[in-house]
Amino acid sequence: MAATYKEKAIVLRAYDLGEADRIVTLFTEGRGPVRAVAKGIKRTGSKFGARLEPFTLLDVILHEGRNLDTIVQTEIINAHAPIRADYGKYLFGEAMLEMIEKSLRENQTIPRLFPALCVTLDVLEGEVADPSLLLAAFDLKVCALIGYHPHLAQCLNCGRETAGEKVWLNLIGGGVVCVNCRAGLDDLIPLAPAALVLMNQLMALDMAAISSSRVSPALAVEILSIAFRFSEAFLERPLRSRAVVLNYLEKGAL
Amino acid sequence: MLYTPPIARLVEELSKLPGVGQKTAQRLAFHLLKVPAAEAHSLAEAIVEARDRVTFCVRCFNFAQGELCEYCMDSRRDPTLVCVVERPQDIVALERTGEFRGLYHVLGGAISPIDGIGPEELRIRELLERVRTEGIREVIVATNPRVEGEATGLYLANLLKPLDIKVTRIASGLPVGGDLEYADEVTLGRALKGRLDL
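Because the structure is predicted, anything quoted here is derived from the model rather than measured. (Residues numbered from 1 in each chain as written. Chains lettered and ligands numbered in written order. Predicted model: local features only at pLDDT ≥ 70, side-chain atom pairs only at ≥ 80, totals over all residues. Heavy atoms only, no water.)

Visitor: I'd like a description of the sheet that holds strand β7 (residues 175-177) of chain A, backed by residues and values.
Guide: Strand pairing in a sheet relies on backbone hydrogen bonds. The paired strands run either parallel or antiparallel. All names here are of chain A. An order of β7-β6-β8 is seen for the three strands of this open sheet, with the pairing classed as antiparallel. The two strands at the open ends of the sheet, each matched to only one other strand, are β7 and β8 (188-191). With strand direction ignored, the average angle separating the axes of adjacent strands in the sheet is 40 degrees. Where strand β6 (residues 167-170) and β7 come together, three bridges link them in antiparallel fashion. Looking at the pairing, L169 lines up with V176 of β7. The sheet strands contacting helix α5 (residues 193-204) are β6, β7 and β8, and the helix crosses β8 at an angle near 100 degrees. (Pairing = 2+ DSSP bridges. Helix = DSSP H or I, 4+ residues; strand = E, 2+ residues; numbered from the N terminus. Axes fitted to C-alpha atoms, helices over the stretch in contact; angles between N-to-C directions. Contact = heavy atoms within 4.5 Å.)

Visitor: Give me the state of the cysteines: which residues, what numbers.
Guide: One pass over the full model with this rule turns up zero disulfides over all chains. Free cysteine: C181(A), not disulfide-bonded; nearest cysteine sulfur from C178(A) at 3.6 Å. For C181(A), a relative accessible area of 13% corresponds to the buried category. Lacking any disulfide linkage, C57(B) is separated from the closest cysteine sulfur, that of C60(B), by 3.7 Å. Classification of C57(B) by relative accessible area gives buried; the value is 1%. (Disulfide = S-S within 2.5 Å. Buried < 20%, exposed > 50% of the residue type's maximum accessible area, 1.4 Å probe, protein only.)

Visitor: Can you lay out the side chain of H105(B) for me, pointing to particular residues and giving the numbers?
Guide: By secondary structure assignment, the location of H105(B) is in strand β4 (residues 102-106). Those residues within four positions of H105(B) in sequence are excluded, and the remaining contacts are R59(B), C60(B), F61(B), V82(B), C83(B), V84(B), V85(B), R123(B), E126(B), L127(B) and R130(B).

Visitor: Any details on the nonpolar core? Residues and values, ideally.
Guide: Counting residues in each nonpolar core, the largest one holds 85 residues, and the members touching the most others are L117(A), L169(A), L191(A) and L160(B). Residues in contact with L117(A), not counting those within four places in the same chain, are I10(A), L12(A), F27(A), L97(A), I100(A) and F138(A). (Core = buried A, V, L, I, M, F, W, Y, C linked by side-chain atoms within 4.5 Å.)

Visitor: So, the sheet that holds strand β4 (residues 57-63) of chain A: which residues are in play, and what are the values?
Guide: Reading around the circumference, β1-β2-β3-β5-β4 (chain A) is the order of the five strands in this closed barrel, with mixed pairing throughout. With direction set aside, neighbouring strand axes in the sheet form an average angle of 50 degrees.

Visitor: Explain the domain arrangement of chain B to me, using residue names and the numbers behind them.
Guide: Taken domain by domain, chain B consists of domain 1 (5-53) and domain 2 (63-169). Each of domain 1 of chain B and domain 2 of chain B has a C-alpha centre, and these two points are 34 Å apart. (Domains from an automatic or database assignment.)

Visitor: Could you give me a rundown of the packing of aromatic side chains, with the residues and numbers involved?
Guide: What characterises a pair of aromatic rings is the spacing of the ring centres plus the angle enclosed by the ring planes. For the structure shown, the criterion picks out 11 aromatic pairs over all chains. Between F55(A) and Y90(A), the ring centres sit 6.4 Å apart and the planes meet at 70 degrees, which makes this aromatic pair edge-to-face. On the criterion of sequence distance, the pair formed by F55(A) in the loop between β3 (32-38) and β4 and Y90(A) in helix α2 (residues 87-103) is long-range, its members being 35 residues apart. You can call Y90(A) buried: its relative accessible area is 0%. Considering the side-chain rings of F92(A) and Y248(A), the 6.4 Å spacing of their centres and the 75 degrees angle between planes classify their relative orientation as edge-to-face. In this pair, F92(A) is assigned in helix α2 and Y248(A) in helix α8 (residues 241-251), connecting sequence segments 156 residues apart. Classification of Y248(A) as partly exposed rests on a relative accessible area of 27%. In this structure, R182(A) is placed above the aromatic ring of W168(A), and the distance from its NZ or CZ to the ring centre is 4.2 Å. The ring of F56(B) has R123(B) lying over it, and the distance from NZ or CZ to the ring centre is 5.5 Å. (Phe/Tyr/Trp six-rings, centres within 6.5 Å; stacked < 30°, edge-to-face > 60°. Lys NZ or Arg CZ within 6 Å of the ring centre and 35° of its normal.)

Visitor: Quick one: what's the story with the interface of chain B and chain A, residue by residue and with numbers?
Guide: The interface is formed by 27 residues belonging to chain B together with 36 residues belonging to chain A. Regarding the contact of chain B and chain A, the summed buried area is about 2,600 Å², with carbon and sulfur atoms giving 59% of it. Area buried by chain B at its contact with chain A is led by P113(B), I114(B) and V147(B), which between them contribute 28% of it. Run the count over chain B and chain A and you get two salt bridges. Here chain B and chain A share 10 residue pairs in polar contact (both at pLDDT 80 or more) between them. For the side of chain B that touches chain A, the secondary-structure elements that each account for two or more residues are α6 (124-133), α7 (147-160) and α8 (185-193) of chain B. If you tally residues by element for the side of chain B that touches chain A, the top one is α7(B), at seven residues. Split into classes, the residues belonging to the side of chain B that touches chain A amount to 15 nonpolar, five polar and seven charged. (Buried area = accessible area lost by both parts, 1.4 Å probe. Salt bridge = Lys/Arg side-chain N within 4 Å of Asp/Glu carboxyl O. Polar contact = N/O pair within 3.5 Å; in protein donor to acceptor, adjacent residues only side chain to side chain. Nonpolar A, V, L, I, M, F, W, Y, C, P; charged D, E, K, R; others polar.)

Right under this line is the structure:
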């Protein structure tokens, strides 16, 4: 018999289904990503109103279905309104939501990932010195939580300490290689000492501390591009929001 | 083979329509075979005519039958007032109100990074060109009141306000016939912010 269950969830995305329904992808605390139908949500008199918009943290009651679950009831915990009210924050936030959506299969749960997204969205809605660093750190930390922790302290091949020297990030190996070991390897990104130090800091610091960090704009964009390539190599597919974010950083408004 | 080839083709083509499954396609196909031939031919002609003759207005990107759509050709409309919408269907909804006598601009969607849609994928550059050359005084942003529509509105406001024109957003709040008790916090909060003098 189909059961009804309650979850705490963050809305990742929603897309249209037929005339008035939408399929909503929820990142739930206990069941990972769940795709569920919100019936009649597009009608102006819908009971859901703005409760199922991306970024919203909510308590949700769902009814299990054969293919898709159905959303029965919702209550907003935090709508993350400041993210929705700031164009830049919206772009960076969407990239975070897509990272979660593309990293997990439906109903796959990873410990600490749900609180990590909650904390990051809370930080993003406050004062952030450089959102590029926050997004880069989020991508790297999500990779680490899923099991692809970037190895940055020693050369992947010979085990030599690499601090202070130019290294190459091996996307397939998931860590750095030294100048002596890079020959014959594909998918390498050169990493200057400053970029390596920053990557280590992003992995070590918490999101609140990263939100007040500032580096040169060029280094911030470089580290964000590296984090994008690192996570996409791990996920084995490109994420669509990345190009929009990088374009925004490069050009700003049209 | 379940059907004769012409019926099988008709069912297959109908089932490609949005929201039409195999069963519904089958029902529609048999209905079309049952109605008078003239009625079925009229439907076929209407589809062909719409596909062949409907284009996009070169000015506002609404559906049009020639170079310009009916609104852009109407000299009684106020050309200094432009309402920006996501899709041509939204114009129909706004026209039903009978409250708006300006012109339109269809963006072709809303900014949605998760779908790979940035400002470059929309007709924002064309809007900017219209504002610069057509003496527009006010742009009303009437994108859908979803996260994507709001973000598009913010982007347009950032872009257009330095050009010294008025940029407004359609109001959002409680639906007529609704009940306060069941309103969500975001909608109710907006209704309060946008309250009117009585």
